[in-house]
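What the coordinates show
As a plain string of letters, each chain reads:
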Amino acid sequence: MQPQRSGNGLSLWMISSLVLFVLQLAMGTDPIYAMVALLIFALTPLVFRCYQRIDNMGGFVFLATYAKLFLLSQWLKIGFFQAADSHLLAPVETVVVLLIGLVAFWGAGLALTPLLTGRRSLLTISNDPVFLAHVAIGATLITLASVVMRSITGLSSVDGTSYEEGRGFVIILYLGQMLPLATAALTARACILSQGRRFIDVYVALTLLGTVLQGLLENQRTGMMAGAIAFLVTYLTYGGRIRAWHIGGTVAAGIVMQILVFPLIEVQRGIRDTTSIGEFISETLKVASDLADSETRAPYEQRLNDMYLWWDTRLYYGKPQGFIDRFAPNPLDETVDYLKYHEPFDLPELYGQVLYAVPNVFLNIIGLERPPRGVEVLETSILLTNTSMNYGVFAEVYIHSGLSLFLPIAFVVIFFYAGGLHLIYGKTKNNFFAAFGFSTLYFTFATSDLGSILPSLTLQGLIYLTFMVAVSLLPRRGMASTKPA
């Protein structure tokens, strides 16, 4: 029955891709752009299945990256009755680079297949319900302790200056991102105790609510969504099926993000200097209430519009669209257009980003200094600003390699990234730990740089792995069936 469902899903995907292609042409999209876009859509299921066959997290990273940079935006453009190649500086070149990036993902998956088939991670992950409960309790307590420590030290997860100076505070930030691990563990526990009939209970719901509240408190959209991502991937990897109401719920959540949550977070960033957590929460609740009412919302509209216009190079839909603006190929397009008039940067500068895998506290001891972050180099070179704009690993690799070397270098990066994720978090099937790992980095490849993905494989991954080892050493009774990662 499962192959038939899979076949039906693939057929539906291909038909919808053809419909999109026809609609793009009808909207006046350049035929070359539309054809390359069709090829990307057609190959997407094949690339994902390549990773699915070896139970590797790279498949989910691939989907998240291309959903963020391309797939979703193509349908949104149809909704706005716009040609898909409009409001881009180098549309055809950009979509070709995305196609080459897809080939790099595919090639890395094929190369990893003989290496990872049948291989486990550094740690065998148990699915014993008692173990899962211990993981959830420990992750929740550590998250709460991290929030308290950040409050005491004055360390903000939005302003990273303190921990970049080499005092080790980044560890506190990583520990503060563990609540989605509780969500994933409790989701797996609910599934196992109900023999696959139920994936959510009151404990899962509480951790989901907790991640949303933590994201609001820390002014982080990705953190707010991390619990939901952990739940969704756990649901899928433990045998859950996508239903029509899941798609409807996702659309509804996106509408709420667009209308309320995204504007709230933007306004929040203007009240970060409140003197206490209590005052910050009180002000946040007031803003949320104002935004939910059409009359009190009006004074915020101009302020929000001005904020969005700061990203005037990123208005893929013609005018500010808030949350939707984050789903567009423009960051890569800016990079591609820049290299039409400039030479690629030196590759050794790209290799220097490897130093971000080593905590600064150790680099300071041996007298080494990291090069500037990849995203900083991109923004200061292209836009002549330094405001932490999102670009992504593809953009970083492209600006150093140019088109001629983009495929091999992107292949190497993805090969080691996907392989490293497999080593740390293990296979995806029946593995809540891998689902949690993905929730901590799901958009990192699409929006950040090598200076972010390398620590996620080294320091961050090893911290979480150490926690799992510690919990596995706790005594427990009532061992249920276990499925190794």
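See the structure printed just above.
In what follows, the accompanying structure is described.

Some points on the packing of aromatic side chains
According to the stated counting rule, one finds 31 aromatic pairs in the structure shown. Taking 4.7 Å as the distance between ring centres and 70° as the angle between the ring planes, the aromatic pair formed by F199 and Y235 counts as edge-to-face. Of this pair, F199 sits in the loop between α8 (179–193) and α9 (202–218) while Y235 sits in helix α10 (residues 221–237), placing them 36 residues apart in sequence. Assessed through its relative accessible area of 10%, F199 is described here as buried. Ring centres of Y316 and Y317 lie 5.1 Å apart, and the angle between their planes is 65°; on these two criteria the pair is classed as edge-to-face.

With respect to the nonpolar core
The nonpolar side chains of a soluble globular protein tend to be buried with one another. Membership of the largest hydrophobic core comes to 133 residues, with the highest contact counts inside it found for I40, F105, L181, F394, F432, F438 and M468. For this core, the leading source of residues is helix α18 (residues 393–425), giving 17 residues. Look past the residues within four positions of F438 in its chain and what remains in contact with it is M57, F60, V61, A64, I229 and V233.

Quick word on the environment of L260
For L260, the location among the structural elements is in helix α11 (residues 244–268). Note on L260: relative accessible area 27%, which makes it partly exposed. As for L260 and L291, which are separated by 31 residues in sequence, their C-alpha atoms are 6.5 Å apart. Those residues in contact with L260, other than ones at most four positions away along the chain, are A288, L291 and A292.

With respect to the packing of helix α4 (residues 91–116) against helix α14 (residues 330–338)
The geometry of α4 relative to α14 is characterised by a closest axis approach of 9 Å and an angle of 110° between their N-to-C directions. Classed by the angle they form, the pair α4 and α14 counts as roughly perpendicular. Crossing of α4 against α14: the hand is right-handed. Between α4 and α14, the contacting residues are P91, E93, T94, V97 and L98 on the first element and L332, D333 and V336 on the second. Its residues assigned to classes, the contact of α4 with α14 shows five nonpolar, one polar and two charged.

Here's the deal with α8
Here α8 spans 21 Å end to end across 15 residues, near enough to the 21 Å set by a 1.5 Å rise per residue. Most of α8 sits inside the fold, with twelve of its 15 residues counted as buried. Listed as buried for α8 are L179, P180, L181, A182, T183, A184, A185, L186, T187, A188, A190 and C191. Of the surrounding secondary structure, the elements contacted by the buried residues of α8 are α5 (129–153), α9, α10, α19 (432–439) and α22 (459–472). Q195 sits one or two positions beyond α8 and adopts a positive phi of about 55°.

Some words on a nonpolar patch on the surface
Taken together, the side chains of I242, I247, V251, I255 and I259 make up a nonpolar region of the molecular surface, amounting to roughly 480 Å² of accessible area. Among the structural elements, I255 can be located in helix α11.

Looking at the side chain of T237
Within the secondary structure, T237 is located in helix α10. A distance of 2.8 Å separates a polar atom in the side chain of T237 from the backbone oxygen of V233. A polar contact of 3.3 Å, which involves the side chain of T237, links it to the backbone oxygen of T234. Contacts of T237, omitting those with residues within four sequence positions, involve F60, T428, K429 and N430.

Some points on helix α17 (residues 374–382)
An α-helical segment advances 3.6 residues per turn. Residues three or four places apart therefore align on the same side. Among all positions of α17, only G374, V375, V377, L378, E379 and I382 are buried. Contacts from the buried residues of α17 go to α14, α18 and α20 (444–447). Once α17 ends, the next one or two residues include L384, with phi positive near 60°.

Concerning the side chain of Q353
Its location among the elements puts Q353 in the loop between α15 (347–351) and α16 (360–366). Classification of Q353 by relative accessible area gives buried; the value is 3%. A polar atom in the side chain of Q353 sits 2.9 Å from the backbone oxygen of P372. A distance of 3.3 Å separates a polar atom in the side chain of Q353 from the backbone nitrogen of G374. For Q353, the contacting residues outside a window of four places in its chain are P371, P372, R373, G374, E396, L450, G451 and L454.

What about unusual backbone geometry?
Phi is positive for H87, close to 60°, though the residue is something other than glycine. Structurally, H87 is set in the loop between α3 (58–79) and α4. For L384, which is not a glycine, the phi torsion comes out positive at approximately 60°. Relative to the assigned elements, L384 resides in the loop between α17 and α18.

Considerations on the environment of L208
Secondary-structure assignment places L208 in helix α9. When near neighbours in sequence (up to four residues on either side) are disregarded, L208 contacts T183, I200, G227, A228 and F231.

Basis of the calculations
- Residues numbered from 1 in each chain as written.
- Predicted model: local features only at pLDDT ≥ 70, side-chain atom pairs only at ≥ 80, totals over all residues.
- Heavy atoms only, no water.
- Phe/Tyr/Trp six-rings, centres within 6.5 Å; stacked < 30°, edge-to-face > 60°.
- Helix = DSSP H or I, 4+ residues; strand = E, 2+ residues; numbered from the N terminus.
- Buried < 20%, exposed > 50% of the residue type's maximum accessible area, 1.4 Å probe, protein only.
- Core = buried A, V, L, I, M, F, W, Y, C linked by side-chain atoms within 4.5 Å.
- Contact = heavy atoms within 4.5 Å.
- Axes fitted to C-alpha atoms, helices over the stretch in contact; angles between N-to-C directions.
- Parallel < 35°, antiparallel > 145°, perpendicular 65-115°, else oblique.
- Left-handed = near helix turned anticlockwise from the far one by under 90°.
- Nonpolar A, V, L, I, M, F, W, Y, C, P; charged D, E, K, R; others polar.
- Expected span 1.5 Å × (residues − 1).
- Patch = residues over 30% accessible without salt bridge, like charges linked within 9 Å, V, L, I, M, F, W, Y side chains within 5 Å.
- Areas by Shrake-Rupley, 256 points an atom, 1.4 Å probe, with all protein chains shown as cover.
- Salt bridge = Lys/Arg side-chain N within 4 Å of Asp/Glu carboxyl O.
- Polar contact = N/O pair within 3.5 Å; in protein donor to acceptor, adjacent residues only side chain to side chain.

Purely geometric stuff here, so don't read any function into it on its own.
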